[in-house]
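Listed here are the chains, written in short residue letters.
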Number of protein chains: 2
Amino acid sequence: MTHQDKSLAATEDMADTFGALSLVMLDDTDLRHAWRINFLANFFTGPVYRHLGEKFGITRPEFVILYCLEHMPGLVAQDICRVTGQPKNSISRAVSDLLEKGYVRRGTDPEDKRAKPLTLTEVGWSILEHVSPIVKARQDAMRAALTDEELAQFDCLLRKMVFAMPDWVTPE
Amino acid sequence: MTHQDKSLAATEDMADTFGALSLVMLDDTDLRHAWRINFLANFFTGPVYRHLGEKFGITRPEFVILYCLEHMPGLVAQDICRVTGQPKNSISRAVSDLLEKGYVRRGTDPEDKRAKPLTLTEVGWSILEHVSPIVKARQDAMRAALTDEELAQFDCLLRKMVFAMPDWVTPE
DNA sequence: GGAGATTAGTTCAAAATGGAACTTTACAAA
DNA sequence: TTTGTAAAGTTCCATTTTGAACTAATCTCC
């Protein structure tokens, strides 16, 4: 199949899956870059979090918290608010749910009695071992169309864009 | 300022704005690509839609519908569901709100009496002329860190990724 | 022509989300 | 030392979102 044939097939697949409108929104609008990023984000997260909910009873905020704690034990709820942009009570409620489910434990901070450092429990680690591979597999599927070299380029450009966000994002 | 100094400054800005956790989640995890895409999407859309809500009384679904109709008049609600992944009643309600606000009008399809083609009214065009530049400006800010050449590369890679989505996204 | 499955859109009610107000704690300035 | 402001987290309640059930219309198969 020639390169042109592949391109045509991809376009037809897009129209079949998402409708003819998708071709316009993703290719022919001034907002096509923002649209593509949101399009990817929406169709990546929607189904995977729905699946996690059905299979493990884990909500999106809960997974996000568990995954953050895997990589930085001792976080407080506010740290997670800052990195997700979610309101305090959403994170507070999800933390309460995770405590109740036994996936996290809450400590105290001798230097700041307001802060409540969180860590994963054994059960928390265990559920993550089951859940993370599903999200990783989906990320792998998302990246599959790019060669290793293209992915390295994409990584570099995306990182550059993200690390410039303090220039245009004002935290609440 | 050397390249290394700039990189360090960007890292410090990220930690200041989003917390130290952001550096880990965006650079040192297996899910960093998915995380970055969602991070960009969340911090792009959250504030801009909040701003549109406050200034114009337009919700996110409403803007999405208006913007789609600008580019493809005559769409039906189901077309918008497919390209956004949103449930039917969310789009149905937003369409009702837009009808009530006078931003869209609803037609009939002689070939399918169930379908209700939508078009923008004069007022709809007008509100978009005010709203779109705000979203565009935010997209420009988001892209500002990339040179024209880098943006062309990013465009190409992002498009390749998005147009392969039918390989791993199953519509509902 | 009729029956059954599917689609387009609407409505309802339950679930989820988020703004605001609250308590407790910390910190800075006078 | 006191006061005022701000931060960390919790709770409440209004609003938003979404799954499910519904109606009307279409399409396919027998």
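That block above? That's the structure.
Attention here is on the structure that accompanies the text. Everything numeric here is computed off the predicted structure, so don't read it as measured data.

## A closer look at the protein's contact with DNA strand D
- Near DNA strand D you find 20 residues, and of these Asn89(A), Ser92(A), Arg106(A), Arg114(A) and Asn89(B) are the closest.
- Per the 4 Å cut-off to the protein, sugar and phosphate atoms form 49% of the nearby atoms of DNA strand D.
- A distance of 3.5 Å separates a base nitrogen of DNA strand D from a polar side-chain atom of Asn89(A).
- A distance of 3.3 Å separates a base nitrogen of DNA strand D from a polar atom in the side chain of Arg114(B).
- Secondary structure elements with two or more residues in the surface near DNA strand D: helix 5 (77–84) and helix 6 (88–101) of chain A together with helix 6 (88–101) of chain B.

## Side note on the environment of Thr119(A)
All names here are of chain A.
- Looking at the element boundaries, Thr119 is found in strand 2 (residues 118–120).
- Along the chain, Thr119 and Met161 lie 42 residues apart, while their C-alpha atoms are 31 Å from each other.
- Excluding residues within four positions of it along the chain, Thr119 makes contact with Leu69, Pro73, Gly74, Tyr103, Val104 and Arg105.

## Quick look at the environment of Leu40(B)
- By the element assignment, Leu40(B) lies in helix 3 (residues 32–56).
- Leu40(B) gets classed as buried once you look at its relative accessible area, which sits at 0%.
- Along the primary structure Leu40(B) and Met142(B) are separated by 102 residues, whereas in three dimensions their C-alpha atoms are 8.5 Å apart.
- When near neighbours in sequence (up to four residues on either side) are disregarded, Leu40(B) contacts Ile37(A), Leu158(A), Met161(A), Val162(A), Met165(A), Trp168(A) and Met142(B).

How each quantity is defined
- Residues numbered from 1 in each chain as written.
- Chains lettered and ligands numbered in written order.
- Predicted model: local features only at pLDDT ≥ 70, side-chain atom pairs only at ≥ 80, totals over all residues.
- Heavy atoms only, no water.
- Near = heavy atom within 4 Å.
- Polar contact = N/O pair within 3.5 Å; in protein donor to acceptor, adjacent residues only side chain to side chain.
- Helix = DSSP H or I, 4+ residues; strand = E, 2+ residues; numbered from the N terminus.
- Contact = heavy atoms within 4.5 Å.
- Buried < 20%, exposed > 50% of the residue type's maximum accessible area, 1.4 Å probe, protein only.

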